[in-house]
Amino acid sequence: MRGKAIMIQGTGTNTGKSMLVAGLARAFANRGLQVRPFKPQNMSNNAAVTPDGGEIGRAQALQALAARVPPHVDMNPILLKPQTSTGAQVIIQGQVAGTQEAREFGRNRDALMPRVLESFERMRAEADLVLVEGAGSPAETNLRARDIANMGFARAADVPVILAGDIDRGGVIAQIVGTKTVLEPADNAMIAGFAVNKFRGDVTLFDEGRDDIAARTGWPCLGVVPWFDGAGKLPAEDVMDLPARAASGGRGLKVVVPRLPRISNFDDLDPLAAEPGIELCIAGPGNPLPLDADVILLTGSKATLADLAALRAEGWDQDILSHVRYGGQVLGLCGGYQILGRQISDPGGIEGPPASAPGLGLLDVETVLVPVKELALREGVSTGDNIPLTGYEIHMGRTTGPDCARGWLDFGKGPEGAVSADGLVRGCYQHGIFSSDAFRASWMKGFGQQSQASYAAGVEETLDALATHLEQCMDLDLLWRLAR
């Protein structure tokens, strides 16, 4: 079996490529096809742990869910996780391969492309259709010689391309026609059609614009996609999407999240944002943490010591300490857990030059960063009330100390996590615990709020609605014929 494939590339970043692939995956799965998502190279600190023991971009995990298949490391063979402004941790086929500066990574195309194609062929061998997602834009001509994410991959794997433009940001005719203008002829030959995404209002008002693009490019239009209101109910890949998605409305349980520079695995916030009884507030740089917070939540971090320094530079450390002094609660997940302790040490230079720094001291624990990354899916219970939950670990640290004796989760290896002596501060390495409806409901009940959402069911309903949306506005039969 060697399935067909087609690639969705965008005229720029955030054109909705990930959402289009997810919706198409569910639509073609609904037609009875075996579908696999694939992204040659992704750059994101929002990662998912796969059952085969690796990590991929969170968007590809959502696309796998849309296709009704388990996520696999071959769905995103190259994952870059930024740690500094110019360097990133490099994940190859699910496993850490080291840390590289951007310039050094760009020289590795010849070494990386064979791994990308290897993963792609494995996906193709088990699918009727592979939906490939590009990254950024193929019009970044300065990157073309080293590209493995867009036309470099499309030509190497002989996969036709649908170019998606974003009309919401304006200039979509120039986006699409301009892309054709700057691409070399062999790259242009890979483009089989175009789509216009995120249209607001009466789509017939763009008929002339659609026809103008087709006339100028010679490409058929596969559809003008209206704005999908349910997009905010799907997990976000980009932390910059969080403020627009986080307003639940009303005054319920107020959860405040400092948006640190290297925030990672912030999918922990999605189930909270879906709850009508939770007011999720993302605090950006330059703003104090709100005084009326019920809970301050510190999320994961790709560079914990750097984020700790950023937290102090914003004065948020004093806001958090004051919050606890007045009886407020604090929860730290993964990197946030480490920040809450007495000390963080990186003797091996895992996240940068070897260094150590005192944490906030709200938990009597210490963390040492180690080179072995813990990657695992977990099933367990919360101690005390024995409520079932699932989660995942994705970290490179070991945390120990007296407060670990009050572990509040149990995944079959004894109590995990830590709780302060006064019970106001707790932390753990487990991500994803709020996705478990029963656990989230119990946690909210402790603040006098009732859960009103079934998170997983809500995501499934949204994926079905997205598939129906694309069936109505895109020519999926043409897309199938164009795939090869």
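Draft legend 1. Structural detail: empty space enclosed by the protein. Within the structure shown, the criterion is met by one cavity of 30 Å³ or more. When its volume is computed, the largest cavity comes out at roughly 190 Å³. As for the largest cavity, its lining consists of 21 residues, and the residues nearest its centre are Ser 301, Lys 302, Ile 394, His 395 and Met 396. Taken together, the elements giving at least two residues each to the lining of the largest cavity come down to helix H13 (335–340), strand E21 (366–382) and strand E22 (387–400). Take the lining of the largest cavity: its biggest share by element is four residues, from E22. Classifying every residue of the lining of the largest cavity by side-chain character gives five nonpolar, twelve polar and four charged.

Draft legend 2. Layout of the pattern of salt bridges. Inspection of the entire model under this criterion finds 33 salt bridges. With a shortest N-O distance of 2.9 Å, Asp 166 and Arg 169 are connected by a salt bridge. Given the relative accessible area of 3%, Asp 166 is considered buried. Close ionic contact of Arg 440 with Glu 275 constitutes a salt bridge, the shortest N to O distance being 2.8 Å. On the criterion of sequence distance, the pair formed by Arg 440 in helix H14 (residues 437–445) and Glu 275 in the loop between helix H10 (270–273) and strand E15 (278–283) is long-range, its members being 165 residues apart. Under the relative-accessibility criterion, Arg 440 is labelled buried at 0%.

Draft legend 3. Spatial organisation of the sheet that holds strand E6 (residues 78–82). The mixed open sheet is built from four strands, whose spatial order is E3-E6-E7-E8. Both edges of this open sheet fall to strand E3 (41–43) and strand E8 (95–101), since each of them pairs with a single strand only. Direction aside, the axes of adjacent strands within the sheet are offset by 25° on average. Relative to E6, E3 runs parallel, the two sharing three bridges. Residue pairing for E6: Gln 41 is matched across the bridge by Ile 78.

Draft legend 4. Layout of helix H2 (residues 58–66). Of all the nine residues making up H2, eight are buried; the element is thus mostly covered by neighbouring parts of the structure. Those residues of H2 not exposed but buried are Arg 58, Ala 59, Gln 60, Ala 61, Leu 62, Gln 63, Ala 64 and Ala 66. Of the residues trailing H2, Arg 68 is marked for its positive phi of about 65°.

Draft legend 5. Representation of the nonpolar core in the model. Ranked by size, the top nonpolar core spans 77 residues in total, and within it Leu 24, Phe 120, Phe 153, Val 196 and Met 474 carry the most contacts. Here this core takes eight residues from helix H1 (residues 17–30), the largest share from any one element.

Draft legend 6. Here's a closer look at the environment of Ala 88. Mapping Ala 88 onto the fold places it in strand E7 (residues 87–92). The spacing of Ala 88 and Val 35 is 53 residues in sequence and 30 Å in space, taken between C-alpha atoms. Once residues within four sequence positions are removed from consideration, Ala 88 is found in contact with Leu 80, Lys 81, Pro 82, Gln 83, Gly 98, Thr 99 and Gln 100.

Draft legend 7. Region of interest: the packing of H1 against helix H15 (residues 455–473). Between H1 and H15, the least distance of the axes is 8 Å, while the angle of their chain directions is 85°. In terms of orientation, H1 lies roughly perpendicular with respect to H15. Contacts between H1 and H15 pair Met 19, Leu 20, Ala 22, Gly 23, Leu 24, Arg 26, Ala 27 and Asn 30 from the former with Glu 460, Leu 463, Asp 464, Leu 466, Ala 467, Leu 470 and Glu 471 from the latter. Looking at the contact of H1 with H15 residue by residue, the class counts come to nine nonpolar, two polar and four charged.

Draft legend 8. Layout of the environment of Phe 153. By the secondary structure assignment, Phe 153 is in helix H5 (residues 151–157). In this structure, the C-alpha to C-alpha distance between Phe 153 and Met 7, residues 146 residues apart in sequence, is 9.6 Å.

Draft legend 9. Spotlight on the pairing of E8. Two strands pair when backbone bridges link them, and E7 and E8 are joined in this way by six bridges, in the antiparallel orientation. In the strand pairing of E8, Ile 92 is matched with Gln 95. The loop that links E7 with its antiparallel partner E8 comprises two residues; one of these, Gln 93, has a positive phi angle of about 45°.

Draft legend 10. Representation of the packing of aromatic side chains. Using the criterion set out here, one finds ten aromatic pairs in the structure. Taking 6.5 Å as the distance between ring centres and 35° as the angle between the ring planes, the aromatic pair formed by Phe 28 and Trp 480 counts as tilted. Placement of Phe 28 in helix H1 and of Trp 480 in helix H16 (residues 476–482) is noted, with a sequence separation of 452 residues between them. Phe 28 gets classed as buried once you look at its relative accessible area, which sits at 1%. Assessed through its relative accessible area of 28%, Trp 480 is described here as partly exposed. Taking the centre distance of 5.4 Å and the plane angle of 65° together, the rings of Trp 443 and Phe 447 count as edge-to-face. The partly exposed category is assigned to Phe 447, whose relative accessible area is 24%. In this arrangement the basic side chain of Lys 4 is found over the ring face of Trp 480, its NZ or CZ atom lying 4.1 Å from the centre. Taking NZ or CZ as reference, Arg 426 lies 4.9 Å from the ring centre of Trp 408, over its face.

Draft legend 11. Seen up close, the layout of surface pockets. Here the second largest pocket defines a volume of roughly 730 Å³. The wall of the second largest pocket is formed by 26 residues, among which Arg 58, Ala 61, Leu 65, Tyr 392 and Ser 435 lie closest to the centre. Listing elements by their share of the lining of the second largest pocket, those giving two or more residues are strand E4 (47–49), H2, E21, E22 and H15. Top element by residues in the lining of the second largest pocket is H2. It accounts for five residues. In terms of residue class, the lining of the second largest pocket is made up of 16 nonpolar, four polar and six charged.

The rules behind each value
Residues numbered from 1 in each chain as written. Predicted model: local features only at pLDDT ≥ 70, side-chain atom pairs only at ≥ 80, totals over all residues. Heavy atoms only, no water. 1 Å grid on protein atoms, 1.4 Å probe; cavity = no way out; pocket = protein on both sides within 12 Å on 5 of 7 lines; lining within 4 Å. Points joined across faces, edges and corners; volume = space filled by probe spheres on them. Helix = DSSP H or I, 4+ residues; strand = E, 2+ residues; numbered from the N terminus. Nonpolar A, V, L, I, M, F, W, Y, C, P; charged D, E, K, R; others polar. Salt bridge = Lys/Arg side-chain N within 4 Å of Asp/Glu carboxyl O. Buried < 20%, exposed > 50% of the residue type's maximum accessible area, 1.4 Å probe, protein only. Pairing = 2+ DSSP bridges. Axes fitted to C-alpha atoms, helices over the stretch in contact; angles between N-to-C directions. Core = buried A, V, L, I, M, F, W, Y, C linked by side-chain atoms within 4.5 Å. Contact = heavy atoms within 4.5 Å. Parallel < 35°, antiparallel > 145°, perpendicular 65-115°, else oblique. Phe/Tyr/Trp six-rings, centres within 6.5 Å; stacked < 30°, edge-to-face > 60°. Lys NZ or Arg CZ within 6 Å of the ring centre and 35° of its normal.

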